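# Tertiary structure, described
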Amino acid sequence: MDENGRSETLNTLLDSTAARCPRRTAMLVTDSPRSHPGEERAVTFAELQDLVLRAAAMYRSRGVRKGDCVALILRNGLGFVTAYLGLSRLGAIAVPVNFMVQKAEELRYMLNDCSAKGVVTQREFLREILKARKELPLLDVVWLTEPDRRVSKETEDFWGLLQAQEPEPRREDAASPQDTAAVLYTSGTTGKPKGVMLTHANLVANCDASVRVLGADEKDVSLCILPMFHTFAWTACVLIPLRLGVKSVVASSIAPAKPWLTRMGRHRVTIFSAVPQVYAVLAKQACGLKKLLLRYWFFRGVRFCVSGAAPLPPKVASDFSGAMGREIIEGYGLTETSPVATINPPRDIRRGTVGRAIEGVRLRVVDDDGRELPIGEEGEICIAGHNIMKGYLNLPEATRQVLSADGWLRTGDIGVLDADGYLSIRDRKKDMIIVKGLKVFSAQVEAVLLAHPDVQEAAVVGLPDETGDEVIKAFIVLRKEARADKAEFMRFIRENLDAYKRPRDVEFLDELPKNALQKVLKRVLRQKELERRAVRRMS
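Below is a short write-up of the structure. (Residues numbered from 1 in each chain as written. Predicted model: local features only at pLDDT ≥ 70, side-chain atom pairs only at ≥ 80, totals over all residues. Heavy atoms only, no water.)

## Topic: the overall build of the chain
- Helix and strand content of the chain: 16 helices and 26 strands.
- Buried positions account for 55% of the 539 residues belonging to the chain.
- Contacts spanning at least 24 positions in sequence make up 66% of the contacts within the chain whose residues lie at least 6 apart.
- If you sum the accessible surface of the chain, you get close to 24200 Å²; carbon and sulfur atoms cover 51% of it.
- Of note, the chain has its 80 positive side-chain charges centred 4 Å away from the centre of its 69 negative side-chain charges. (Helix = DSSP H or I, 4+ residues; strand = E, 2+ residues; numbered from the N terminus. Buried < 20%, exposed > 50% of the residue type's maximum accessible area, 1.4 Å probe, protein only. Contact = heavy atoms within 4.5 Å. Areas by Shrake-Rupley, 256 points an atom, 1.4 Å probe, with all protein chains shown as cover. Lys, Arg positive; Asp, Glu negative; His and termini not counted. Charge placed at Lys NZ, Arg CZ, Asp CG, Glu CD.)

## What to know about the nonpolar core
- Counting 150 residues, the largest nonpolar core has L48, Y59, Y84, F272 and F299 as the members making the most contacts within it.
- With 10 residues, the single largest contributor to this core is helix 8 (residues 231-244). (Core = buried A, V, L, I, M, F, W, Y, C linked by side-chain atoms within 4.5 Å.)

## Some words on the pairing of strand 25 (residues 470-478)
- Here nine bridges tie strand 24 (residues 455-464) to strand 25, and the two strands are oriented antiparallel to one another. Across the sheet, the residue bridging to P464 is E470, located in strand 25.
- Read as a crossover between parallel neighbours, the route from strand 25 over helix 15 (residues 486-496) to strand 26 (residues 505-508) is right-handed. (Pairing = 2+ DSSP bridges. Right-handed = clockwise from strand over helix to strand, strands pointing away.)

## Digging into the packing of helix 1 (residues 10-20) against helix 3 (residues 78-90)
- Close contact between helix 1 and helix 3 brings their axes to 8 Å; oriented N to C, the two are set at 110°. Here helix 1 is positioned roughly perpendicular relative to helix 3, judged by the angle of their axes. For the pair helix 1 and helix 3, contact is made by L10, N11, L14 and D15 and by Y84, L85, S88 and R89, respectively.
- Class assignment of the residues belonging to the contact of helix 1 with helix 3 gives a composition of four nonpolar, two polar and two charged. (Axes fitted to C-alpha atoms, helices over the stretch in contact; angles between N-to-C directions. Parallel < 35°, antiparallel > 145°, perpendicular 65-115°, else oblique. Nonpolar A, V, L, I, M, F, W, Y, C, P; charged D, E, K, R; others polar.)

## Looking at the state of the cysteines
- Summed over all chains, the structure comprises zero disulfides.
- We note that C21 lacks a disulfide partner, and the nearest cysteine sulfur, in C207, lies 14 Å from it.
- For the unlinked cysteine C237, the closest cysteine sulfur is that of C224, found at 4.2 Å. (Disulfide = S-S within 2.5 Å.)

## Brief notes about the packing of helix 10 (residues 276-285) against helix 12 (residues 314-324)
- The contact between helix 10 and helix 12 brings their axes to 9 Å, and the two run at 45°. By the criterion of interaxial angle, the relationship of helix 10 to helix 12 is oblique. At the point where helix 10 passes helix 12, the crossing takes the left-handed sense. On helix 12, the residues that touch P276, Y279, A280, L282 and A283 of helix 10 are V316, D319 and F320. (Left-handed = near helix turned anticlockwise from the far one by under 90°.)

## Quick look at the sheet that holds strand 14 (residues 328-333)
- Read from one edge of the open sheet, nine strands run 2-1-11-10-12-13-14-15-16, paired in mixed fashion. Each edge of the sheet is formed by a strand with only one pairing partner; in this case those strands are strand 2 (41-44) and strand 16 (356-357).
- As paired strands, strand 12 (residues 271-274) and strand 13 (residues 304-307) are joined by four bridges and run parallel to one another. Across the sheet, the residue bridging to I271 is F304, located in strand 13.

## Side note on the side chain of S321
- For S321, the position within the fold is in helix 12.
- For S321, the side chain forms a polar contact with the side chain of R351, separated by 3.2 Å.
- Once residues within four sequence positions are removed from consideration, S321 is found in contact with R326, E327 and R351. (Polar contact = N/O pair within 3.5 Å; in protein donor to acceptor, adjacent residues only side chain to side chain.)

## Some remarks on empty space enclosed by the protein
- Tallying each qualifying case throughout the model produces three cavities of 30 Å³ or more.
- Reported here for the largest cavity is a volume of approximately 90 Å³.
- Forming the walls of the largest cavity are A26, M27, F45, L48, V81, M228, C237, V238, P241, L242, S248 and V250.
- Secondary structure elements with two or more residues in the lining of the largest cavity: strand 1 (25-29), helix 2 (45-61), helix 8 and strand 11 (247-250).
- The element best represented in the lining of the largest cavity is helix 8, accounting for four residues. (1 Å grid on protein atoms, 1.4 Å probe; cavity = no way out; pocket = protein on both sides within 12 Å on 5 of 7 lines; lining within 4 Å. Points joined across faces, edges and corners; volume = space filled by probe spheres on them.)

## Observations concerning the environment of S321
- The exposure class of S321 is buried, given its relative accessible area of 14%.
- Sequence separation of S321 and D208 is 113 residues, and the distance between their C-alpha atoms is 27 Å.

## Re the pattern of salt bridges
- As enumerated under the stated definition, the model contains 38 salt bridges in all.
- A salt bridge links R410 to E380; the nearest nitrogen and oxygen atoms lie 2.8 Å apart. Remark: E380 occurs in strand 18 (residues 379-385) and R410 occurs in strand 20 (residues 409-417); sequence separation between them is 30 residues.
- For R410, a relative accessible area of 27% puts it in the partly exposed group.
- Put simply, R491 and E488 hold a salt bridge, and the shortest N to O gap is 3.0 Å. Linking R491 with E488, this pair stays in helix 15, spanning three residues, or about one helical turn.
- Judged by relative accessible area, R491 falls into the partly exposed class, the value being 39%. (Salt bridge = Lys/Arg side-chain N within 4 Å of Asp/Glu carboxyl O.)

## A look at a nonpolar patch on the surface
- Taken together, the side chains of L289, L292 and Y296 define a hydrophobic patch exposed on the protein surface, amounting to about 380 Å² of accessible area.
- Residue position: L292 is located in helix 11 (residues 288-298). (Patch = residues over 30% accessible without salt bridge, like charges linked within 9 Å, V, L, I, M, F, W, Y side chains within 5 Å.)

## Focus: the packing of aromatic side chains
- Within the structure shown, the criterion is met by 13 aromatic pairs.
- Geometrically, the ring pair formed by F99 and F125 is stacked, given 5.6 Å between the ring centres and 15° between the ring planes. With F99 in the loop between strand 4 (93-96) and helix 4 (104-113) and F125 in the loop between strand 5 (118-121) and helix 5 (126-133), this pair connects stretches of sequence that are 26 residues apart. The two residues F99 and F125 agree in class, both being buried.
- On the basis of an interplanar angle of 80° and a centroid distance of 5.7 Å, the ring pair of F272 and Y279 is categorised as edge-to-face. Comparing F272 with Y279, the two get one shared label, buried.
- One aromatic cluster is present, built from ring pairs that chain together W260, F272, Y279, F299 and F320.
- The side chain of K194 reaches across the aromatic face of Y392, ending 5.3 Å from its centre.
- Above the face of the W408 ring, R364 is positioned so that its terminal group lies 4.0 Å from the ring centre. (Phe/Tyr/Trp six-rings, centres within 6.5 Å; stacked < 30°, edge-to-face > 60°. Lys NZ or Arg CZ within 6 Å of the ring centre and 35° of its normal.)

In structure tokens, the structure reads:
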């Protein structure tokens, strides 16, 4: 809301901050067109606004209009933010795509589904995009943020065209709060990805409510290591700093860690947002001199350690807190909730929970028939409020399946609310395993496995047996110094889990399959195991 109580758009959010603190640094980036590759450059809010207005004018000159979709397949940087907000300025729709999706067939599906008029990308992702383009008649333009003479006939120079433009006049806002600002494709466990439509009001209200819970202010400094195509990173690492008028230190990639850790220490970052796997690695590495360097230099200014996008194992929270002297603030949400639904208040963190609903958001827990359950009983989490998506693009039936007429979203997550409104996540409903009619939460089994000193990572899946029941299989990544073998783990499982919760098999892997946010892809583990079984049956 602005000072007059009106709902805002991403455009008014940027304009108000640029007017309030035009000379303050907005971003520290290494992809500025005015600096050498890899050289850090400061971009002020006034400069960012000017680039966004030029981008809008450039889009308009190439036929992009209100409601049109343009895909962004980019790593973190000034290019991503400029390309996204330039589209918002016209009332057009940004479609951030996971840059790890590099098969032409998958790209073609998403670009066709949203009728993309253009793509803004980088050289490393170009080959498959150009393959996909051959069967996409509506895709007019591919803009490249790194000029390449070898493909000059097939692409256009994003920065070159942008800088040649006069900035788009700042006329009446082309977007309204209820207009779609972005379409984000969720991977899902089966079938094709679904395009989640988020409005300007969704994103701005979610940003503002998150700021109020955290208590962040204009003295803070943010670090962006998570990929901006993910809605958690976009809100936590881009929109929140943009709203507050604070500096954001932007890393193009989460790996390797040394470059961003160095910049984190240099700029005395105060807001650190990451996924549980990053916290686990940091906690593991915090020993000896490295612990002193991490805690008293790189993390010396950090006030908020925020975790999202995946469940935070209690052991990781404990290990990180012990090593770094800082509690992790865990939140919860989905792409469909813009994304934040709950946050642990920094002054009242309750480990093992994902906090309370943010302002303007309501929670309830229901049974399989949709009836609300009493406090303390487990069921499916439902969410309502300003953060709920507009719907799935081109999928009205899929939208109706998860979104009720009165605005309640069925999340597919199993959880429980306590008397103070704190939410605890038990598992994904689809990850719940049924053994002889009894419910087994995979997250609970994984927590037990992770308690073994030789385990670095663990994932469990349910697999059908010949009777139609499910059996549990565990996939484990061992620490380098591990000595335990399969027999030892089966003994550990027998001693620490009830009979029906025990994995019947354990497989050791060098690494677990993960997406760009380091979330374990259980469907890949499950599918590979089913394929292996099919081969064995045929032989």
